[in-house]
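Notes for the structure review
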Amino acid sequence: MHDKNDRFMLIKANKGSIPNLRDDASVEVPCYVNANGAEPISLRNPIPDFHKGLMEAQVASEKLLVDAFFENSYYKALQAFTLNQTVPNADVAKKVLDEFIEVNEEYWPNLK
């Protein structure tokens with residue numbers, strides 16, 4: 001049984017939950033969940049620059065990939081893969097992206 005103000009980790013639009021991170025970033029933050037929905041618990045202090053930098057790079061990578069999909073942009077998709085922290089360099093990013101497009105061609109637009 002859950003209490004009326006149970007706390008869960010949820011992914012929400014930042015909207016100030018992390019004060020020094022852009023508002024449109026999707027972040028996983030603790031939230032109280034009640035009859036009004038999910039209410040994020042905001043941090044009082046900004047996050048350190050190191051962690052903020054890692055998070056901003058991931059947010060930029062994700063935004064570029066979404067933009068690439070809707071704009072049919074191979075260049076933006078390549079930027080997204082290159083910026084992603086799990087990809088070691090641009091050459092690997094291009095190889096991974098090209099393989100990803102080939103394997104998923106029925107789900108992806110034709111990127112130009």
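Read on for a plain summary of the structure.

Parameters at a glance
Residues numbered from 1 in each chain as written. Predicted model: local features only at pLDDT ≥ 70, side-chain atom pairs only at ≥ 80, totals over all residues. Heavy atoms only, no water. Helix = DSSP H or I, 4+ residues; strand = E, 2+ residues; numbered from the N terminus. Rg over C-alpha atoms; globule rule 2.2 N^0.38 Å. Buried < 20%, exposed > 50% of the residue type's maximum accessible area, 1.4 Å probe, protein only. Contact = heavy atoms within 4.5 Å. Phe/Tyr/Trp six-rings, centres within 6.5 Å; stacked < 30°, edge-to-face > 60°. 1 Å grid on protein atoms, 1.4 Å probe; cavity = no way out; pocket = protein on both sides within 12 Å on 5 of 7 lines; lining within 4 Å. Points joined across faces, edges and corners; volume = space filled by probe spheres on them. Nonpolar A, V, L, I, M, F, W, Y, C, P; charged D, E, K, R; others polar.

**Structural notes on the overall build of the protein**
Secondary structure assignment for the protein yields three helices and three strands. Secondary structure elements of the protein, listed N to C terminal, follow the sequence β-β-β-α-α-α. What you see for the protein is a C-alpha radius of gyration of 18 Å, clearly larger than the 13 Å of a compact globule of 112 residues, by over 25%. Viewed in the frame of its principal axes, the protein has a C-alpha envelope of about 50 × 35 × 25 Å. Looking at the 112 residues of the protein, the share that counts as buried comes to 27%. Here the analysis covers contacts within the protein between residues at least 6 apart in sequence; of these, 42% occur between residues at least 24 apart.

**Things to note about the packing of aromatic side chains**
Counting across every chain of the model gives four aromatic pairs. For the ring pair phenylalanine 69 and phenylalanine 70, a centre distance of 5.1 Å and an interplane angle of 85° mean the geometry is edge-to-face. Judged by its relative accessible area of 66%, phenylalanine 70 is exposed. When the centroid spacing of 5.9 Å and the interplanar angle of 55° are considered together, the rings of phenylalanine 81 and phenylalanine 100 count as tilted. Of this pair, phenylalanine 81 sits in helix α2 (residues 74-83) while phenylalanine 100 sits in helix α3 (residues 90-103), and the two are 19 residues apart along the sequence. For phenylalanine 100, a relative accessible area of 31% corresponds to the partly exposed category.

**A word on unusual backbone geometry**
At lysine 15, a residue that is not glycine, the phi angle is positive and equals roughly 40°. Note that lysine 15 resides in the loop between β1 (6-13) and β2 (26-34). Using a relative accessible area of 67% as the deciding quantity, one classes lysine 15 as exposed. Positive phi is not limited to glycine here, since asparagine 72 has a value of about 55°. Within the secondary structure layout, asparagine 72 lies in the loop between α1 (49-71) and α2. Here asparagine 72 falls in the partly exposed class, since its relative accessible area comes to 24%.

**Quick look at the layout of surface pockets**
Of the volumes computed, that of the largest pocket is approximately 160 Å³. Put simply, the parts of the chain that give the lining of the largest pocket at least two residues each are β2 and α1. Broken down by class, the residue content of the lining of the largest pocket amounts to six nonpolar, two polar and two charged.

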